[in-house]
Amino acid sequence: MAEFDVDLFVIGGGSGGVRAARIAAGHGAKVMVAEEYRMGGTCVIRGCVPKKLFVIGSHVRHEIDDAAGFGWTIPPVSFDWPTLVANKDKEIARLEAAYTSNVEKSGARIVKTRAVFEGAHSLRLSTGESVSAKYVLIATGGAPNHGPMIPGIEHVISSNEAFHLAELPRRIVIQGGGYIALEFACIFAGFGSDVTVVYRGDNILRGFDDDVRAHVRAEMEMQGITILTGCTVDKIDKRAKEFTSHLSNGSSLASDKVMFAIGRHPNVGGLGLEKAGVAINPNNGGIAVDGWSRSSVPNIYAIGDVTHRHNLTPVAIREGHAFADTVFGKHPVQVDHSSIPTAVFSQPEIGTVGLTETEARAQFSHVDVYKTAFRPIKSTMSGRDTRILMKLVVDGTSDRVLGCHIVGDIAAEIVQAVAIAVKMKATKADFDATFALHPTAAEELVTMRTPTARYVREAAAE
Ligand SMILES: Cc1cc2nc3c(=O)[nH]c(=O)nc-3n(C[C@H](O)[C@H](O)[C@H](O)COP(=O)(O)OP(=O)(O)OC[C@H]3O[C@@H](n4cnc5c(N)ncnc54)[C@H](O)[C@@H]3O)c2cc1C
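Residues numbered from 1 in each chain as written. Predicted model: local features only at pLDDT ≥ 70, side-chain atom pairs only at ≥ 80, totals over all residues. Heavy atoms only, no water.

J.: I tried to follow the sheet that holds strand β13 (residues 252-255) on my own but got confused; where do I start?
T.: As a general point, the strands of a sheet are linked pairwise by backbone hydrogen bonds and lie either parallel or antiparallel. Spatially, β11-β12-β13 is the arrangement adopted by the three strands of the open sheet, whose pairing is antiparallel. Strand pairing shows two members of the sheet lacking a second neighbour, β11 (233-239) and β13, which therefore form its edges. Mean inter-strand twist for the sheet, computed between neighbouring axes without regard to direction, equals 20°. (Pairing = 2+ DSSP bridges. Helix = DSSP H or I, 4+ residues; strand = E, 2+ residues; numbered from the N terminus. Axes fitted to C-alpha atoms, helices over the stretch in contact; angles between N-to-C directions.)

Here you go:
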């Protein structure tokens, strides 16, 4: 009789868990995956995918507004939020079924239940059943974090609920300055809601390049989104269907919905980690792992958002794949977390890879910056007041391109391709040697000849 019921027990059927289960099963392992909610996890069910569908839907408003300059007469338009939500739900159900069937086809078994540790090799399902496993992979993801328990916090929705609102809010207050807050701000504004963003820091998008932050803020404000920085929502009152958000600066805002997107915490609560001896990383609250995604317990690994390293779907997928190859495929791989491209699907969107100017100047003695902001060809006829921002950050000593930051339509699509060059350590000379593709916005990336700024850090005196 086998020593364990399964070779691998995966807790969580999201991006990372599903990839790990499929690859491990492909390597011949007997795999069980527990999912307490819906297969596909955050990305598919209430993250990247439904968000992008909403972004695409709301961006239609911009296309309609821009059409007149090109000779179109558009009859009065109307928008039906319930149709959008219903069609999105249909697509998400299709994807969930595809995820389920792909896992099953790989030979792994799905159990639709919560699973928690009883010991390092033992899991208890909510059905009461116990399963023993040689290896366990924790891939439980993360969840919205509403911050301090301010009065009226029970009225606040997160991105989870925003995907299922019965009606489009006429006015919405969104607290948060990160990518989820801004994406929803632009989604709601595109559909016609009156949007106010409240953020405690001095500018939105902490961690992004400062030029990007300033540019996106200005573009969003130009579209009529109000952005209040340096303050927080301290209390929320509800009267009939109206909410009043009281801000730390003494003002108040009336709205039909209040949404918080101020961060996410790793899903470690109630997992029985103490029974298995799994340690938490004191710096970020996620599961502590080494470069192999191995926890403090040798047979237990953790990947994706629950480790709170880089909370992005492709990262969770790659970590899951590397884990399965390492443990079951006789092919040890560590994930290289450098130069991860990332996007913010605000409108206009952001695509970015590599170092910001501030990071580069802290790490390199010579830094050249190439920057341009220009009117896209489309706006010359649509009349829209918008600018595209493109910025390259270059190591002035080796000429290597350290970072690329773009704000504008399809910035994310452009940066996905540029990320290959950055990962390959391309130099500015390589960019310059590349032919422009004309007429495009992206051609600016290979035609910026002269640095807009050049920084030299003097060596410290002996
Ligand atoms: C609104 C939003 C937009 C996003 N947009 C993007 C984007 O554009 N691009 C991008 O790259 N990333 C985006 N992300 C982040 C992305 O969704 C996550 O990084 C990714 O889903 C992480 O995958 P994961 O496998 O670690 O966890 P998840 O996908 O969260 O999966 C974890 C699964 O575990 C299940 N689970 C938890 N505990 C248990 C238990 N005890 N037993 C059984 N099951 C359990 C959960 O139900 C869940 O299904 C977005 C996230 C949000 C919230």
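J.: Is there a simple way to think about the layout of surface pockets in this case?
T.: Rolled over the atoms, a probe with the dimensions of a water molecule shows which regions are left empty. Looking at the second largest pocket, its volume works out to about 600 Å³. Lining the second largest pocket we find 30 residues, and of these Pro-376, Ile-377, Lys-378, Ile-388 and Asp-409 sit closest to its centre. Broken down by element, the lining of the second largest pocket gets its largest block of residues, four residues, from helix α11 (residues 377-382). Residue composition of the lining of the second largest pocket, grouped by class: 11 nonpolar, 10 polar and nine charged. (1 Å grid on protein atoms, 1.4 Å probe; cavity = no way out; pocket = protein on both sides within 12 Å on 5 of 7 lines; lining within 4 Å. Points joined across faces, edges and corners; volume = space filled by probe spheres on them. Nonpolar A, V, L, I, M, F, W, Y, C, P; charged D, E, K, R; others polar.)

J.: I keep staring at the pairing of strand β8 (residues 171-175) and nothing clicks. Help me out?
T.: Side-chain positions along a regular strand alternate between the two faces of the sheet. With five of five residues buried, β8 lies mostly within the body of the structure. Of the two faces of β8, both are covered, the one formed by Arg-171, Val-173 and Gln-175 as well as the one formed by Ile-172 and Ile-174. Bridging between β8 and strand β9 (residues 194-199) involves five bridges; their strand directions are parallel. Considered in β9, the bridge of Gln-175 is made with Val-198. (Buried < 20%, exposed > 50% of the residue type's maximum accessible area, 1.4 Å probe, protein only.)

J.: Would you mind going over the packing of aromatic side chains with me for this structure?
T.: Aromatic ring pairs are reported here in terms of the distance separating the ring centres and the angle at which the planes meet. A full pass over the atoms with the stated rule returns 11 aromatic pairs. With a centroid separation of 5.6 Å and 55° between ring planes, the pair formed by Phe-54 and Phe-163 is classed as tilted. Note that Phe-54 is positioned in helix α3 (residues 48-67) and Phe-163 in the loop between α5 (159-162) and β8, a separation of 109 residues in sequence. Both residues of the pair, Phe-54 and Phe-163, belong to the buried class. Here Phe-79 and Phe-191 contribute two aromatic rings whose centre-to-centre distance is 4.2 Å and whose plane-to-plane angle is 10°, an arrangement assigned as stacked. Of the two residues, Phe-79 sits in the loop between α3 and α4 (81-106) while Phe-191 sits in helix α6 (residues 179-191), which places them 112 residues apart along the sequence. In textbook terms, an aromatic cluster arises when at least three aromatic residues are bridged by ring pairs, as seen for Phe-54, Phe-79, Trp-81, Phe-163, Phe-184, Phe-188 and Phe-191. Above the plane of the ring of Tyr-455 lies Arg-361, whose end atom (NZ or CZ) is 3.5 Å from the centre. (Phe/Tyr/Trp six-rings, centres within 6.5 Å; stacked < 30°, edge-to-face > 60°. Lys NZ or Arg CZ within 6 Å of the ring centre and 35° of its normal.)

J.: Teacher, can you tell me more about the sheet that holds β8 here?
T.: The parallel open sheet is built from four strands, whose spatial order is β10-β9-β8-β14. Two strands lie at the open edges of the sheet, namely β10 (226-229) and β14 (257-260), each paired on one side alone. Neighbouring strand axes in the sheet, compared pairwise and without regard to direction, differ in orientation by 20° on average. Contacts from α6 reach β8, β9 and β14, with the element oriented near 170° to β8. (Contact = heavy atoms within 4.5 Å.)

J.: Quick question: what am I supposed to make of unusual backbone geometry here?
T.: With the exception of glycine, most residues fall at negative phi, and the peptide bonds are largely trans. At the junction of Gln-347 and Pro-348, the peptide bond is cis and its omega measures out at 5° in the coordinates. The residue Pro-348 is located in the loop between β17 (342-344) and β18 (350-354) in this model. Geometrically, the link from His-438 to Pro-439 is a cis peptide bond, its omega value of -5° lying close to zero. Inspection of the secondary structure assignment puts Pro-439 in the loop between α13 (428-433) and β22 (453-456).

J.: Can you help me understand helix α12 (residues 411-423) in this one?
T.: For the α-helix, the turn length of 3.6 residues means that residues three or four positions removed from each other point alike. Relative to the 18 Å expected for 13 residues at 1.5 Å per residue, α12 spans 18 Å between its end C-alpha atoms, a close match to the ideal helical length. Roughly 30° is the biggest bend found in α12, and it falls at Ala-417. Residues Ala-411, Ala-412, Ile-414, Val-415, Val-418, Ala-419 and Val-422 constitute the buried set of α12. Looking at the buried residues of α12, the elements they touch are β17, β18, β20 (388-395), β21 (401-407) and α13. Directly beyond the C-terminal end of α12, a positive phi value near 65° is found at Lys-425. (Expected span 1.5 Å × (residues − 1). Bend = angle between axes of the 7 residues up to and from the residue.)

J.: How should the pairing of β13 be read in this particular structure?
T.: Along β13, the buried face is formed by Leu-253 and Ser-255; none of Ser-252 and Ala-254, which line the opposite face, is buried. The sheet contact formed by strand β12 (residues 242-247) and β13 spans four bridges and is antiparallel. Looking across to β13, one finds that His-246 is bridged to Ser-252. The turn linking β12 back onto β13 is made up of four residues, and Gly-250 within it adopts a positive phi angle of 95°.

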